[in-house]
Amino acid sequence: MTQGKNLTENTSTRLDKWLWAARFYKTRAIAKQMIDGGKVFYNGQRSKSGKTVAIGDLVKVRQGFEEKEVTIIALADKRKDATFAQTLYLETPASIETREKNALARKQGILLSPASDTKPDKKQRRKIRQFKERI
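Notes on the structure follow. Only a predicted model underlies this, so the values are computations on that prediction, with no experimental measurement involved.

## Topic: the packing of aromatic side chains
Phase 1: Under the counting rule described, the total for this entry stands at 3 aromatic pairs.
Phase 2: Relative to Tyr89, the ring of Phe24 has its centre 4.8 Å away and its plane inclined at 40°; by these criteria the two rings are tilted. Of the two residues, Phe24 sits in the loop between helix 2 (15–21) and helix 3 (28–36) while Tyr89 sits in strand 7 (residues 89–91), which places them 65 residues apart along the sequence. The same class applies to Phe24 and to Tyr89, which are both buried.
Phase 3: Here the guanidinium or amino end of Lys80 rests over the ring plane of Phe84, the centre of that ring lying 4.8 Å away.

What follows is the structure, encoded as structure tokens:
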């Protein structure tokens, strides 16, 4: 009897549970907030956290600066280690390329305007303010 229940759970999983099991978010509550906040798209559309996911569907997940587009290749409703979580999805090549370009752009932006080790003193702040007013 319990084997049938486990089989049923593996054939259908809620979106928030799958995102949590795939380790995109640390808790189910955070996964639910992200789905409700429009940070997760299921097959190109916003959806509810209780949406049943299926193998082969496309999920777009935003995490900070990164946006991943993944295809579901396995279902799980229990959280396991990271190596297992990586077997649940396959990231699209376009998504990988876009993430790498964005990461490079962020790194270059940081290199072009490095932060100083100390705060500017009063004289330097005046010069910065004068420079900004000229622009």
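## Details of the side chain of Lys68
Phase 1: Within the secondary structure, Lys68 is located in strand 6 (residues 66–72).
Phase 2: Buried charge without a partner: Lys68 forms no salt bridge, and the closest opposite charge is Glu66, 4.5 Å away.
Phase 3: Not counting residues within four places of it along the chain, the set of residues in contact with Lys68 comprises Phe24, Val59, Lys60, Val61, Gln63, Glu91, Ser95 and Arg99.

## Concerning the nonpolar core
Most often, soluble globular proteins keep nonpolar side chains buried together rather than apart.
Phase 1: Among the nonpolar cores identified, the biggest contains 20 residues, and Trp18, Leu19, Phe24 and Val59 are the most heavily contacted of them.
Phase 2: Elements supplying a minimum of two residues to this core: helix 2, helix 3, strand 2 (40–42), strand 5 (58–63) and strand 6.
Phase 3: Here this core takes 4 residues from helix 2, the largest share from any one element.
Phase 4: Apart from the residues within four sequence positions on either side, Trp18 is in contact with Thr13, Phe24, Val53, Val70, Ile72, Ala74, Leu75, Ala76, Leu88 and Tyr89.

## Some details on the side chain of Ser95
Phase 1: If you trace the backbone, Ser95 turns up in helix 5 (residues 93–112).
Phase 2: Classification of Ser95 as buried rests on a relative accessible area of 6%.
Phase 3: There is a polar contact of 2.8 Å between the side chain of Ser95 and the side chain of Glu91.
Phase 4: Excluding residues that lie within four positions of it along the chain, Ser95 makes contacts with Glu67, Lys68 and Glu69.

The rules behind each value
- Residues numbered from 1 in each chain as written.
- Predicted model: local features only at pLDDT ≥ 70, side-chain atom pairs only at ≥ 80, totals over all residues.
- Heavy atoms only, no water.
- Phe/Tyr/Trp six-rings, centres within 6.5 Å; stacked < 30°, edge-to-face > 60°.
- Helix = DSSP H or I, 4+ residues; strand = E, 2+ residues; numbered from the N terminus.
- Buried < 20%, exposed > 50% of the residue type's maximum accessible area, 1.4 Å probe, protein only.
- Lys NZ or Arg CZ within 6 Å of the ring centre and 35° of its normal.
- Lys, Arg positive; Asp, Glu negative; His and termini not counted.
- Salt bridge = Lys/Arg side-chain N within 4 Å of Asp/Glu carboxyl O.
- Contact = heavy atoms within 4.5 Å.
- Core = buried A, V, L, I, M, F, W, Y, C linked by side-chain atoms within 4.5 Å.
- Polar contact = N/O pair within 3.5 Å; in protein donor to acceptor, adjacent residues only side chain to side chain.

These results come straight from atomic positions and should not be treated as a statement about function.
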